[in-house]
Amino acid sequence: QVQLVESGGGLVQAGGSLKLSCAASGRTFSRYTMGWFRQAPGKEREFVAHITWSSGNTYYANSVKGRFTISKDNAQNTVYLQMNSLKPEDTAVYYCAAAPLLALTPPQYDYWGQGTQVTVSS
């Protein structure tokens, strides 16, 4: 059974940092793209960043470029999202997801975690 389990969310002041983790299990993800998405209340789920498991290539949404860093630990089968210089508009539920190809949109992702809340206070 495939599982993606996020952790690391919480409440932080504007300008602060958080590091999210996504522990993957249940299948081999070596050919997958691992993505982070977020969804704020009343808004659609939006792409944040992704990383290819095999090569480690990364891609970011313009809104987080230069502030967020996606990375992976092959030995731990875990993907991370380091979030710095957080803004109130970063407040959302953050989801980890896995896609069998290079993907930017939610329908392209096969597996999803349960999400972790990130709240940035002003």
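Structure: above.
Note that the structure is predicted; figures quoted are calculated from it, not measured. (Residues numbered from 1 in each chain as written. Predicted model: local features only at pLDDT ≥ 70, side-chain atom pairs only at ≥ 80, totals over all residues. Heavy atoms only, no water.)

Caption draft 1: Representation of the side chain of Thr 78. Mapped onto the elements of the fold, Thr 78 is located in strand 8 (residues 78–83). Within the structure, the side chain of Thr 78 is placed 2.9 Å from the backbone oxygen of Gln 76, a separation counted as a polar contact. Not counting residues within four places of it along the chain, the set of residues in contact with Thr 78 comprises Ser 21, Cys 22, Ala 23, Trp 53, Ser 71, Lys 72 and Asp 73. (Helix = DSSP H or I, 4+ residues; strand = E, 2+ residues; numbered from the N terminus. Polar contact = N/O pair within 3.5 Å; in protein donor to acceptor, adjacent residues only side chain to side chain. Contact = heavy atoms within 4.5 Å.)

Caption draft 2: Here's a closer look at the sheet that holds strand 1 (residues 3–7). The four strands lie next to each other as 1-3-8-7, forming an open sheet whose pairing is antiparallel. Across the chains shown, the open sheet's two edge strands, defined by having one partner strand only, are strand 1 and strand 7 (68–73). The sheet shows a mean angle of 15° between the axes of neighbouring strands, taken without regard to direction. Direction of pairing for strand 3 (residues 18–25) relative to strand 8: antiparallel, over a ladder of six bridges. The partner of Cys 22 across the bridge, within strand 8, is Val 79. (Pairing = 2+ DSSP bridges. Axes fitted to C-alpha atoms, helices over the stretch in contact; angles between N-to-C directions.)

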